[in-house]
Amino acid sequence: MSNFIPGQPLVAVVQRIEIKKLRQGDNLILGFSIGGGIDQDPGQNPFSDDKADKGIYVTRITPGGPAETADLRMGDKIMQVNGYDMTMMTHDQARKRLTKKNEDIVRLLVTRKSLEEAVKNSMGGYQRQ
């Protein structure tokens, strides 16, 4: 019998967000901007704690726009768009994935620092008997 003790599981708290694009003429408006990508300098990303993180982050939300209405927030890290993994994309690939003309609805999977903190805090208060 071994005394192997596994490490703590990685806490990744995700939130599903569905954004209905706003149609303006030929354009479909999401109401947010992104930063990051595997081709960008992660040291320039103000939202990542880990300066080697090349993920896609929400950098700006248009007040009153579709993203704000859907509760997307500045600093959210986009993990998936309509089921596609966004963790290893260039900035341009991510932008194209978000702005596909034939998609009126974008389903995002995001992680948010405030969610992770809430879970860590609640786990810290849990006492084993």
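Parameters and conventions
- Residues numbered from 1 in each chain as written.
- Predicted model: local features only at pLDDT ≥ 70, side-chain atom pairs only at ≥ 80, totals over all residues.
- Heavy atoms only, no water.
- Helix = DSSP H or I, 4+ residues; strand = E, 2+ residues; numbered from the N terminus.
- Buried < 20%, exposed > 50% of the residue type's maximum accessible area, 1.4 Å probe, protein only.
- Phe/Tyr/Trp six-rings, centres within 6.5 Å; stacked < 30°, edge-to-face > 60°.
- Lys NZ or Arg CZ within 6 Å of the ring centre and 35° of its normal.
- Arc of directions from axis to C-beta.
- Contact = heavy atoms within 4.5 Å.
- Polar contact = N/O pair within 3.5 Å; in protein donor to acceptor, adjacent residues only side chain to side chain.
- Lys, Arg positive; Asp, Glu negative; His and termini not counted.
- Salt bridge = Lys/Arg side-chain N within 4 Å of Asp/Glu carboxyl O.
- pLDDT = per-residue confidence, 0-100.

Going by what an unreviewed UniProt entry lists, the chain is known as Tax1-binding protein 3 and is assigned to Pogonophryne albipinna.

Q: How would you sum up the environment of Asp49? Please name residues and give values.
A: Along the polypeptide, Asp49 turns up in the loop between strand E4 (32–36) and strand E5 (56–61). Judged by its relative accessible area of 68%, Asp49 is exposed. For Asp49 and Lys113, which are 64 residues apart along the polypeptide, the C-alpha to C-alpha distance reads 9.7 Å.

Q: So, the packing of aromatic side chains: which residues are in play, and what are the values?
A: Evaluation of the coordinates by the stated rule reveals zero aromatic pairs. Looking at Arg97, its charged tip hangs above the ring of Tyr84, at a distance of 3.5 Å from the centre.

Q: Could you give me a rundown of helix H2 (residues 91–98), with the residues and numbers involved?
A: A turn of α-helix holds 3.6 residues, and therefore any two residues three or four places apart point the same way. Within H2, the full set of buried residues consists of Ala94, Arg97 and Leu98. In an axial view of H2, the angular spread of the buried residues amounts to 95 degrees, which keeps them on one side of the axis.

Q: How would you sum up unusual backbone geometry? Please name residues and give values.
A: The backbone of Asp71 sits at a positive phi, close to 75 degrees, despite the residue not being glycine. Within the secondary structure layout, Asp71 lies in the loop between helix H1 (66–69) and strand E6 (77–81). Residue classification places Asp71 among the partly exposed residues on the basis of a relative accessible area of 31%. Even without a glycine there, the phi angle at Asn82 is positive, about 50 degrees. Along the chain, Asn82 turns up in the loop between E6 and strand E7 (84–85). Accessibility expressed as a relative area gives 23% for Asn82, which makes it partly exposed.

Q: So what about the environment of Ala67? Which residues, and what values?
A: In this structure, Ala67 sits in helix H1. The class of Ala67 is buried, set by a relative accessible area of 0%. C-alpha of Ala67 to C-alpha of Ile17: the two residues are 50 residues apart in sequence and 8.8 Å apart in space. Filtering out sequence-adjacent residues up to four positions away, Ala67 remains in contact with Ile19, Leu30, Gly31, Phe32, Ile61 and Leu72.

Q: Please provide a residue-by-residue account of the side chain of Asn45, values included.
A: Along the chain, the position of Asn45 falls in the loop between E4 and E5. For Asn45, the side chain forms a polar contact with the main-chain nitrogen of Phe47, separated by 2.7 Å. When neighbours within four sequence positions are excluded, Asn45 is seen to be in contact with Lys51, Gly55 and Tyr57.

Q: Account for the side chain of Glu103, naming residues and giving values.
A: Mapping Glu103 onto the fold places it in the loop between H2 and strand E8 (105–111). Within the buried set, Glu103 has no salt-bridge partner at all; the shortest N-O distance to an opposite charge, 4.8 Å, is to Lys21. A distance of 3.0 Å separates polar atoms of two side chains, one belonging to Glu103 and the other to Asn82.

Q: Describe the confidence of the model for the chain, with residues and values.
A: Per-residue pLDDT for the chain has a mean of 84; in total, 78% of the residues score no lower than 70. Highest mean pLDDT in the chain belongs to H1 (97); lowest belongs to helix H3 (residues 113–124) (66). Scored below 50 in pLDDT, residues 1–5 makes zero contacts in the model with residues more than four places away or belonging to other chains.

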